[in-house]
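Residue-level structural notes
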Amino acid sequence: MNARSEEFDAVVVGARCAGAATAMLMARAGLRVLVVDRTHPSRDTLSTHALMRAGVLQLSRWGLLQRIVAAGTPAVTATTFHYGNRTETLELASPLYAPRRTVLDTALLSAAREAGAQARFGVDVTRLCRDETGRVTGVLARVRGGDVVTFRAPLTVGADGLRSTVARLAGAPMVRQGGAASAIVYGYWPSPPTAHYDWFYRPGMSAGIIPTNDGQVCIWAGLPADRFEDERRHVGLMDLFARVLAETAPPAAALVARAERLGALRGFPGMPGYLRRATGPGWALVGDAGYFKDPLTAHGITDALRDAEFLARAVLEGGEDALAEYERTRDRLSLPLLDVAESIASYRWDLDEIRELLLAESAAMKPEVAALRALDTPDLAGAA
């Protein structure tokens, strides 16, 4: 078995949107960055699609929004909310986008590589390396083919998702743990061009139509996680999906009935939201590794991009105080969203209450947009 050691300024574990964005920003500032993952982000992953205001702002600032548009991602210029039989349409001041993760993640990874970051795949992190004080100094990893490699760096970033290996090995404690969880079932169908997000709500159920790449829409159905588990066992995933759409979103049900689905129907059984400690000696977390809230908010990708920038800036500023400030900023911007997501995911609302919760969610997004717009544009923002 071969063993070797390589040195970097930062090792990022996870090459999807959170990790690729973090690696890109640090590499643009001149750091020697390695990003590793088990699989390449050109493979699809279980995920929401919709970018919120802050996410679009970030991609634009980084010079990457044009890549997303050039990949055929349609502009979304309005959101229509269907509360039972009542409909409200909100025209957007600036367009939103909902790229497939195969588009978004590969665009971010390409930009990271263009900035000088190295990327390795087929890499499974098995241990965190530590010095005599317990500070993390890198990772021990098994590379496809059997090689064991030590990647050493003053900072190891966990961007490895819900079941983060870095968070587990670092012993990152939970700061907040939710209790509610919604399950989501979704698939893709061909559709005439549309410029709307459509969100549908009925007591105990929800659904949506999201325009995405290649002339397709993502159609999803949501319900409480416990109901999902019970009904999936009895009727199966497709019948459960069809039932929720028929009751909640007749336009989506009609589209599903007249067109052939493209690819498999996918299901997420639900997981309560959480907030983990974001930093420790020699390590930091970004994206779902450190903070996850229910996918009904469609805000996870936006959070990942937001926190990638705040973490990169803290790393460039240097020192434990800067990393501590990254954590405080993340928590200040995240906790209001986490709280409202908990209420939405509980499904203990009527149609008037869900409307108020969605207004509260929108209000909770405004501070993060303001915080990002207040940033200057140093070299790490760059041009792609």
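Above: the structure in question.
Read on for an overview of the structure. Source: prediction; values computed, not measured.

**Digging into the overall build of the protein chain**
When helices and strands are tallied, the protein chain shows 11 helices and 20 strands. For a compact globule of 384 residues, the expected C-alpha radius of gyration is about 21 Å, and the protein chain comes in at 21 Å, within 12% of that figure. Within the protein chain, contacts between residues separated by at least 24 positions form 73% of all contacts whose residues are at least 6 apart in sequence. As displayed, the protein chain offers around 15,400 Å² of accessible surface, 51% of which is attributable to carbon and sulfur atoms. For the protein chain, the distance from the average site of its 43 positive side-chain charges to the average site of its 44 negative ones is 4 Å.

**Details of the sheet that holds strand 10 (residues 155–158)**
The strand order across the open sheet formed by six strands is 6-3-2-10-19-18, and the pairing between neighbours is mixed. In this open sheet, the two strands that pair with only one neighbour each are strand 6 (118–121) and strand 18 (279–280). Summarising the sheet, strand 2 (residues 10–13) and strand 10 pair through four bridges and their orientation is parallel. Bridge pairing in strand 10 places V13 opposite G158.

**Describing the nonpolar core**
Judged by nonpolar contacts, the single largest core of 86 residues is most densely connected at L59, W62, L108, Y197 and L305. The leading source of residues in this core is helix 1 (residues 17–28), at nine residues. Of all hydrophobic cores here, the second largest spans 22 residues; its members include V36, V143, A153 and A167.

**As for the packing of aromatic side chains**
Enumeration according to the criterion identifies 11 aromatic pairs in this entry. Judged by centre distance (5.7 Å) and plane angle (5°), the ring pair of W189 and F241 falls under stacked. Taken together, the positions of W189 in strand 12 (residues 182–190) and F241 in helix 7 (residues 237–248) put the pair 52 residues apart, joining distant regions of the chain. There is no split in this pair, since W189 and F241 are both buried. Each residue in the set F81, Y83, Y201, Y347 and W349 is aromatic and connected to the rest through ring pairs, giving one cluster. A cation over a ring is seen here: R100 above Y188, with NZ or CZ 3.7 Å from the ring centre. A cation over a ring is seen here: R276 above Y274, with NZ or CZ 4.6 Å from the ring centre.

**Comments concerning the sheet that holds strand 20 (residues 291–292)**
With antiparallel pairing, three strands are arranged side by side in an open sheet as 11-17-20. One side of each edge strand has no neighbouring strand; the edge strands of this open sheet are strand 11 (174–177) and strand 20. The pairing of strand 17 (residues 274–276) with strand 20 spans two bridges and is antiparallel. The residue bridging Y274 from the neighbouring strand is F292, located in strand 20.

**Things to note about helix 7**
For helix 7, built from 12 residues, the straight-helix expectation of 16 Å at 1.5 Å per residue is met to within 8% by its first-to-last C-alpha distance of 16 Å. For helix 7, the set of buried residues is L240, F241, V244, L245 and T248. Considered in projection along helix 7, the buried side chains sweep an arc of 130° and stay on one side of the axis. In this structure, the buried side of helix 7 is in contact with strand 12, strand 13 (196–202), strand 14 (205–211), strand 15 (216–224), helix 6 (225–235) and helix 8 (250–258).

**Side note on the packing of helix 9 (residues 300–317) against helix 10 (residues 320–346)**
Between helix 9 and helix 10, the least distance of the axes is 8 Å, while the angle of their chain directions is 160°. Taken together, the axes of helix 9 and helix 10 lie roughly antiparallel to each other. Handedness of the crossing formed by helix 9 with helix 10: right-handed. Judged by residue contacts, D303, R306, D307, F310, L311, A314, V315 and E317 of helix 9 engage A322, L323, Y326, T329, R330, L333, S334 and L337 from helix 10.

**Here we look at the side chain of N213**
By secondary structure assignment, the location of N213 is in the loop between strand 14 and strand 15. Engagement of the side chain of N213 in a polar contact is seen with the side chain of T73, the distance being 2.7 Å. Ignoring anything within four residues of it in the chain, the contact list for N213 reads A71, G72, T73, P74, A98, P99, R100 and V103.

**Some thoughts on the packing of helix 1 against helix 4 (residues 101–114)**
Helix-helix packing is described using two parameters, namely the angle between the two axes and the distance between the axes. Closest axis-to-axis distance for the helix 1/helix 4 pair is 8 Å, and the angle between their directions is 20°. The angle between the axes of helix 1 and helix 4 places the two elements in the roughly parallel class. Between helix 1 and helix 4 lies a crossing of left-handed hand. Within the contact between the two elements, helix 1 uses C17, A20, A21, A23, M24, A27 and R28 and helix 4 uses R101, L104, D105, L108, L109, A111 and A112.

**Brief notes about the pattern of salt bridges**
Counted by the stated rule, this structure contains 28 salt bridges. A salt bridge links E231 to R227; the shortest N-O distance between them is 2.6 Å. On the criterion of helical spacing, the pair formed by E231 and R227 is a turn pair, its members being four residues apart in helix 6. R227 sits in the partly exposed class, given a relative accessible area of 23%. With its nearest N and O atoms 3.9 Å apart, the salt bridge here joins R243 to E231. Of this pair, R243 sits in helix 7 while E231 sits in helix 6, placing them 12 residues apart in sequence. Because the salt bridges share partners, they merge into one network encompassing K293, D303, R306, D307 and E368.

Criteria and thresholds
Residues numbered from 1 in each chain as written. Predicted model: local features only at pLDDT ≥ 70, side-chain atom pairs only at ≥ 80, totals over all residues. Heavy atoms only, no water. Helix = DSSP H or I, 4+ residues; strand = E, 2+ residues; numbered from the N terminus. Rg over C-alpha atoms; globule rule 2.2 N^0.38 Å. Contact = heavy atoms within 4.5 Å. Areas by Shrake-Rupley, 256 points an atom, 1.4 Å probe, with all protein chains shown as cover. Lys, Arg positive; Asp, Glu negative; His and termini not counted. Charge placed at Lys NZ, Arg CZ, Asp CG, Glu CD. Pairing = 2+ DSSP bridges. Core = buried A, V, L, I, M, F, W, Y, C linked by side-chain atoms within 4.5 Å. Buried < 20%, exposed > 50% of the residue type's maximum accessible area, 1.4 Å probe, protein only. Phe/Tyr/Trp six-rings, centres within 6.5 Å; stacked < 30°, edge-to-face > 60°. Lys NZ or Arg CZ within 6 Å of the ring centre and 35° of its normal. Expected span 1.5 Å × (residues − 1). Arc of directions from axis to C-beta. Axes fitted to C-alpha atoms, helices over the stretch in contact; angles between N-to-C directions. Parallel < 35°, antiparallel > 145°, perpendicular 65-115°, else oblique. Left-handed = near helix turned anticlockwise from the far one by under 90°. Polar contact = N/O pair within 3.5 Å; in protein donor to acceptor, adjacent residues only side chain to side chain. Salt bridge = Lys/Arg side-chain N within 4 Å of Asp/Glu carboxyl O.

Functional significance is not addressed by these values, which are geometric in nature.
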